Number of protein chains: 2
Amino acid sequence: MEVMNNVENVKTQMRRGVLEYCILSILSKKDSYASSILSELKDARMIVVEGTIYPLLIRQKNQGLLTYRWEESPQGPPRKYYQITDKGRQALAEMDSAWQELVETIRLLREK
Amino acid sequence: MEVMNNVENVKTQMRRGVLEYCILSILSKKDSYASSILSELKDARMIVVEGTIYPLLIRQKNQGLLTYRWEESPQGPPRKYYQITDKGRQALAEMDSAWQELVETIRLLREK
DNA sequence: TTTATGTACTTTGCGATACAAGGTAATAAT
DNA sequence: ATTATTACCTTGTATCGCAAAGTACATAAA
């Protein structure tokens, strides 16, 4: 214990809470595959690693929020392209509400 | 499995990420004890339960973010009043930044 | 006095999940 | 053949929220 700095830990947990939300958001714009989603999240400073994202995509697929298809890659092994489903879009809409509610809650807690 | 609805699960995880932040925020305004903090969070629609908050307060105390003292209650058993430390206030400031950064990240991810 | 009620703190067991680390496999370049 | 790159997957570990049950104190009711 005490290996991880507390604030880093809290940051990790904050990210954790919105990871599924972010992935659905990315896939709502265009189909994509794990490595690409990973890069996009890294660019947005949402630090995630492979061991996190692969199981997460599989879970979301199992929940019916996503489907996938294999596609040849211009170079390298084939890619597993994920596509958001109607159920996924519905879930995304609910997450939008949940997120906004949380942001508002924190705003109130922090200001007064 | 499949006991919990997915969106509920995501809400839970979103809350999880900010719980420590909320508690430090509440204690930054005035000293308080677990049951009272619990009510305050419930009023703010941050659903938390005893089994979550007690260990969390103990963890924060062990990290030096809080101290505590016992105080008699007007009625009922004595209360364990927690007080935020300088280190706690510093952590809170860092969490403010982390939170705002996250809010901005999500805003960008969701809009474009 | 005994019992019930309300308040408050604590602990145990379980399930979920992020991460580190390592593994598998396909393609292209050397 | 070997190496590098890209891509996907799995295992072990630690953390942590929650449900549930337990302990303890004070006061009110039976």
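Relevant structure appears above.
What counts as what
Residues numbered from 1 in each chain as written. Chains lettered and ligands numbered in written order. Predicted model: local features only at pLDDT ≥ 70, side-chain atom pairs only at ≥ 80, totals over all residues. Heavy atoms only, no water. Near = heavy atom within 4 Å. Polar contact = N/O pair within 3.5 Å; in protein donor to acceptor, adjacent residues only side chain to side chain. Helix = DSSP H or I, 4+ residues; strand = E, 2+ residues; numbered from the N terminus. Nonpolar A, V, L, I, M, F, W, Y, C, P; charged D, E, K, R; others polar. Phe/Tyr/Trp six-rings, centres within 6.5 Å; stacked < 30°, edge-to-face > 60°. Buried < 20%, exposed > 50% of the residue type's maximum accessible area, 1.4 Å probe, protein only. Lys NZ or Arg CZ within 6 Å of the ring centre and 35° of its normal. Contact = heavy atoms within 4.5 Å. Buried area = accessible area lost by both parts, 1.4 Å probe. Salt bridge = Lys/Arg side-chain N within 4 Å of Asp/Glu carboxyl O.

### Things to note about the protein's contact with DNA strand C
Part 1 of the reasoning: Around DNA strand C sit 24 residues in total, of which Thr52(A), Asn9(B), Tyr54(B), Arg79(B) and Lys80(B) are the nearest.
Part 2 of the reasoning: Put simply, 75% of the atoms of DNA strand C that lie within 4 Å of the protein are in sugar or phosphate.
Part 3 of the reasoning: At 3.1 Å from a phosphate oxygen of DNA strand C is found a side-chain nitrogen or oxygen belonging to Tyr33(B).
Part 4 of the reasoning: The separation between a phosphate oxygen of DNA strand C and a polar side-chain atom of Tyr54(B) is 2.8 Å.
Part 5 of the reasoning: Listed by contribution, the elements that provide at least two residues to the surface near DNA strand C are helix H3 (50–62) of chain A together with helix H1 (6–29), helix H2 (34–43), helix H3 (50–62) and strand S3 (79–84) of chain B.
Part 6 of the reasoning: Sorting elements by how many residues they give to the surface near DNA strand C places H3(A) first, with five residues.
Part 7 of the reasoning: Residue composition of the surface near DNA strand C, by class: eleven nonpolar, seven polar and six charged.

### What to know about the packing of aromatic side chains
Part 1 of the reasoning: As enumerated under the stated definition, the model contains seven aromatic pairs over all chains in all.
Part 2 of the reasoning: Pairing Trp99(A) with Trp99(B) gives two aromatic rings, centres 5.4 Å apart and planes at 45 degrees, and the pair type is tilted. Taken together, the residues span two chains, with Trp99(A) in helix H4 (residues 86–111) and Trp99(B) in helix H4 (residues 86–111).
Part 3 of the reasoning: Relative accessible area serves as the criterion here: at 5%, Trp99(B) is assigned to the buried category.
Part 4 of the reasoning: With centroids separated by 6.3 Å and ring planes inclined at 45 degrees, the aromatic side chains of Tyr21(B) and Trp99(B) adopt a geometry described as tilted. Of this pair, Tyr21(B) sits in helix H1 while Trp99(B) sits in helix H4; the two residues are 78 residues apart in sequence, bridging distant segments of the chain.
Part 5 of the reasoning: One aromatic cluster is present, formed by Tyr21(A), Trp99(A), Tyr21(B) and Trp99(B) through successive ring pairs.
Part 6 of the reasoning: Positioned above the aromatic ring of Tyr68(B), the side-chain terminus of Lys80(B) is 4.3 Å from the ring centre.

### Comments concerning the interface of chain B and chain A
Part 1 of the reasoning: Each side of the interface is counted separately: chain B has 37 residues, and chain A has 38 residues.
Part 2 of the reasoning: Overall, the association of chain B and chain A removes approximately 3,800 Å² of surface from exposure, summing both partners, and the carbon and sulfur fraction of that is 64%.
Part 3 of the reasoning: It is Met14(B), Leu109(B) and Arg110(B) that lose the most area in chain B upon contact with chain A, and together they represent 18% of the buried surface on that side.
Part 4 of the reasoning: Put simply, chain B and chain A have two salt bridges between them.

Remember that the coordinates give geometry; whether it matters functionally is a separate question.
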